[in-house]
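Understanding the architecture of this molecule
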Amino acid sequence: MQNPRGTDPRIAGSEKALRIFMRRLREIMAGPSDGQARLDTIVRQVAGHMVADVCSIYLQRNDGSLELFATEGLNPEAKHNTFMMRGEGLVGRCAHLAQPVNESDAQNHPSFSYRPETGEEIYHSLLAVPISRGGSVVLGVLVVQNRTERIYSDDDVEVLETTAMVLAEHLVSGDVAGVNSAPEFSPTRSHVVRGQPIADGLALGHVVIHESRIVVKDLTSDNPALEVERLETAVGDLKATLDELLEQNEMAAPGEHRDVIETHRMFANDRGWLRRMKEGIQQGRLTAEAAVAREQNAMRARMNALSDPYLRDRAKDLDELSDRLLRVLAGRKIGQLAPVALPTDTILVARTMGTADLMDYDRSRIKGLVIEDSGGQSHIAIIAKAMGIAAVAQARGVMERVFSGDPIIVDAEAGDVHIRPTSEIIAAYADKARFRARKRRKYKGLKAVPAVTRDGVRIGLSINAGLQMELTQIAASGADGVGLFRTELEFQVAPTLPRMERQTQFYREVLDAAGDRPVVFRTLDVGGDKTLPYLRHPHEENPALGWRAIRMALDRPGLLRTQVRALLRGAGARELRVMLPLITSVGEIDLARALIKREIELLERRGGPVPKKVHIGIMFEVPSLLYQLDAVMPRVDFVSVGSNDLLQYLFAADRNNERVSNRYDRLSVPALRALKSVSDAAARHNTPVSLCGEMAGSPVDAMALIGIGYRSLSMAPSNIGPVKTMVLGLDATKVTRHVTALMQSYEGSLREPLTAYAEAQGLEV
Ligand code: PEP
Ligand code: MG
């Protein structure tokens, strides 16, 4: 029987009937009965409301099969005794597709799977809808069947889908999950989602879903005056909160946090923005929230049309500001995104996250971060590392699988995210976390111990840094200094090009924080994969081999000149160390030295304090320098080997491309020969040499580097402890002999024999 919409009396079509039905459903859910009784009542109610001969609920088990949990109309004996395998029958098909299945002649459908125990042979039509959360995590299937052949109407589908949605909420909240001895539904199932680690660490905690957007439900209002007043109050509160944020101690120092808030404050004072929102209320009869959202949408549409990366970034700031305003209108405080207080072991799970969003959270409560989106995480990675939280990005599917409050483990060593882990996994990770904590305590105890090998060779261990937030690490890590200060990081996270005054103040603070310890400032290393949103970079076929670092600085000397000026002023009368990135030829060294010299002379002429000594060094990152060693060494005050770049160019394998970055080994004979020729030449010329690439932070690699003559290494702060522990147990003379012999007798990678050697010596590598 065909069933045009709204004409069949059996169709539960009217809105009123639906409202009454939904109220009844909520009463059932809130009622005192237990899970099974609730499901039984629901199927009875649905069958009655939809005039269906059968209504059944199937729930998904761990193995993907569907178990008949409740039924009105089918043989009651079939309850908990009927199972559909994954994808089997029309019910399985509905779960598999995560879509409604609407069949007037189900029995003749090729997917139909007859179950004699149910007695369903007499029913022809079938409507099945998935019980799902987040669109694709299917928890089960809700089905109605009728004897007659009918196509269920859109209204029927809507009623069933709404019921399924309510059911899903209660299954997830655990209200119904206790119905059976085998409650193996998806929401209680463990999942592992694999992503890309972006900030090392291990965190066990509970999920807080980062809501970057407030969903506006009430769109229109009959009282525009009231809505305008609400909007004005909210904008006032927003401005006051931004002012307060800027006055907080931790915001006092310049840096990205401050820049973001300042940009937001600037936009919050923009009259045009407020006017457009007010017009939305007055002319469109919108609520304050809807007016904000409308303006936000219009702005997003404009933003998509922009090609200028700087303008796009400003538009993004305005977008974030609208989110903040919506939160204020919803009664949420800025800096407190979750309506309830954050748990002390919060793991934030987000589809996307802006740096400002992350910095809005209470740092002391955030242990980990999981982001679903791919791309654009370089800034978030920088902030997460500086905050010291474990972070994984590109965790596809994570948002669909997690619920607020779920236990979760972020393994940012491996890139795994364990959602609702089993007790065995929790125990294993708790052990791992305890082990890491024990090690950290041990490393902390070594802070004041100098890194001297057993045979008395002092190894300089410095840290790589670059952000305002990392300054505390200089003292906390017990390092000898900062071997590589990547100045471009603050440029990368800043919304606009930092002016000279700001740079000066920042460099001064870095030196203040370092005290007596030397800091090596690398001049801007931008271009390649390090773009600045507010600077135009020409499109290049091959950016890693393109117009970057010193090449750009020498072609456009304004940027370098400003930076050098700021560095000189920031240093005052103290010593200053400046390092030039990506040097390829001695000519570049001469040009850059001349530029720096001119700036020193200019400062002298102006009578400002001049650093008592300016050391000018280079990053050794381009293989061409290997053939100019004796020309390079006398020209520079120090050399720091950037092994990340040097080896990627030596082996012609992009360090950021997973497919090729593992094709060579840093401990292979050719790599070690190249690195040794640099340390040998430095020794010949008495030029201080250090190495600041990733390999310096790996104990076994560091051991090999000591074996080929390196006495100074610079690494991430967290690596100082493990490397120092290795150094304290090492005999430098013995390892030099051993590495030299291995380099003569092997051709390929020395990783295995070197690891075996370290273990034989009782070293932790
Ligand atoms: C390097 O290339 O080894 C290095 C330390 O510089 P960056 O990683 O910043 O390119
Ligand atoms: Mg480099």
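Our subject in this report is the structure included herewith. Everything numeric here is computed off the predicted structure, so don't read it as measured data.

With that out of the way, let us pick up the sheet that holds strand 11 (residues 366-371). Taken in spatial order, the eight strands line up as 7-14-13-9-10-11-12-8 in an open sheet, and their pairing is mixed. On the outer flanks of this sheet lie strand 7 (191-194) and strand 8 (196-199), each paired with one strand and no other. Averaged over all pairs of adjacent strands, the angle between their axes in this sheet comes to 30 degrees, without regard to strand direction. Where strand 13 (residues 407-411) lies against strand 14 (residues 416-419), four bridges are found, and the strand directions are antiparallel. From the neighbouring strand, Val-410 faces strand 14, where its bridge partner is Val-417.

Taken together, 14 residues are adjacent to ligand 1, and Arg-486, Arg-522, Gly-642, Asn-644 and Arg-655 come closest. One of the side-chain nitrogen or oxygen atoms of Glu-621 is found 3.1 Å away from an oxygen atom of ligand 1. Between an oxygen atom of ligand 1 and a side-chain N or O atom of Arg-655, the distance comes to 2.7 Å. Protein chains shield 99% of the accessible area of ligand 1, which is 290 Å² for the free molecule. Secondary structure elements with two or more residues in the shell around ligand 1: strand 16 (482-486) and helix 21 (643-650). Of the residues forming the shell around ligand 1, the biggest block, three residues, is contributed by helix 21.

In this section: the coordination of the magnesium ion (ligand 2). Within the protein, the atoms that donate to the magnesium ion (ligand 2) are Glu-621 (OE) and Asp-645 (OD), at distances of 2.0 to 2.1 Å. Taken as a pair, Glu-621 in the loop between strand 19 (614-620) and helix 20 (629-632) and Asp-645 in helix 21 lie far apart in primary sequence, 24 residues in all.

As for its placement among the helices and strands, Arg-86 is situated in the loop between strand 3 (83-84) and helix 3 (89-97). On the basis of relative accessibility, which here comes to 60%, the residue Arg-86 falls in the exposed class. The spatial distance from the C-alpha of Arg-86 to the C-alpha of Gly-64 is 5.2 Å, given a sequence separation of 22 residues.

Here we come to a positive patch on the surface. Side chains of Arg-438, Arg-440, Arg-441, Lys-444 and Lys-447 sit close together on the surface and give a patch of like positive charge. Among the structural elements, Lys-447 can be located in the loop between helix 13 (423-445) and strand 15 (460-465).

Quick look at the packing of helix 5 (residues 224-247) against helix 7 (residues 271-284) now. Relative placement of two packed helices is described by the angle separating their axes and the distance separating the axes. In the contact formed by helix 5 and helix 7, the axes pass within 9 Å of each other and the chain directions differ by 155 degrees. On the basis of their axis angle, the class for helix 5 and helix 7 is roughly antiparallel. As for how helix 5 packs across helix 7, the hand of that crossing is right-handed. Across the interface between the two elements, Pro-224, Glu-227, Val-228, Leu-231, Glu-232, Val-235 and Leu-238 of helix 5 pack against Trp-273, Leu-274, Met-277, Lys-278, Ile-281 and Gln-282 of helix 7. Split by residue class, the contact of helix 5 with helix 7 holds nine nonpolar, one polar and three charged.

This model, assessed by the stated rule, comprises 39 salt bridges. With a closest N to O distance of 3.4 Å, Asp-40 and Lys-79 form a salt bridge. With Asp-40 in helix 2 (residues 35-50) and Lys-79 in the loop between strand 2 (66-72) and strand 3, this residue pair connects regions lying 39 residues apart in the sequence. You can call Lys-79 partly exposed: its relative accessible area is 25%. Its salt-bridge partner being Asp-431, residue Arg-434 comes within 2.7 Å of it at the nearest N-O pair. Taken together, the residues span about one helical turn, with Arg-434 and Asp-431 both in helix 13 at a distance of three residues. A single network of salt bridges, built from pairs that share partners, joins Glu-488, Arg-522, Asp-525, Arg-548, Asp-645 and Arg-655.

At a closest axis distance of 10 Å, the pairing of helix 18 (residues 557-571) and helix 19 (residues 586-606) adopts a crossing angle of 50 degrees. The angle between helix 18 and helix 19 falls in the class oblique. In the packing of helix 18 onto helix 19, the handedness of the crossing is right-handed. Residues Pro-557, Leu-560, Arg-561, Val-564, Arg-565, Leu-568 and Arg-569 of helix 18 touch helix 19, and the partners they reach there are Leu-595, Ile-596, Glu-599, Ile-600, Leu-602, Leu-603 and Arg-606.

Calculation criteria
Residues numbered from 1 in each chain as written. Chains lettered and ligands numbered in written order. Predicted model: local features only at pLDDT ≥ 70, side-chain atom pairs only at ≥ 80, totals over all residues. Heavy atoms only, no water. Pairing = 2+ DSSP bridges. Helix = DSSP H or I, 4+ residues; strand = E, 2+ residues; numbered from the N terminus. Axes fitted to C-alpha atoms, helices over the stretch in contact; angles between N-to-C directions. Near = heavy atom within 4 Å. Polar contact = N/O pair within 3.5 Å; in protein donor to acceptor, adjacent residues only side chain to side chain. Areas by Shrake-Rupley, 256 points an atom, 1.4 Å probe, with all protein chains shown as cover. Donors = N, O, S within 2.8 Å, 3.2 Å for Na, K, Ca; no water. Buried < 20%, exposed > 50% of the residue type's maximum accessible area, 1.4 Å probe, protein only. Patch = residues over 30% accessible without salt bridge, like charges linked within 9 Å, V, L, I, M, F, W, Y side chains within 5 Å. Salt bridge = Lys/Arg side-chain N within 4 Å of Asp/Glu carboxyl O. Lys, Arg positive; Asp, Glu negative; His and termini not counted. Charge placed at Lys NZ, Arg CZ, Asp CG, Glu CD. Parallel < 35°, antiparallel > 145°, perpendicular 65-115°, else oblique. Left-handed = near helix turned anticlockwise from the far one by under 90°. Contact = heavy atoms within 4.5 Å. Nonpolar A, V, L, I, M, F, W, Y, C, P; charged D, E, K, R; others polar.

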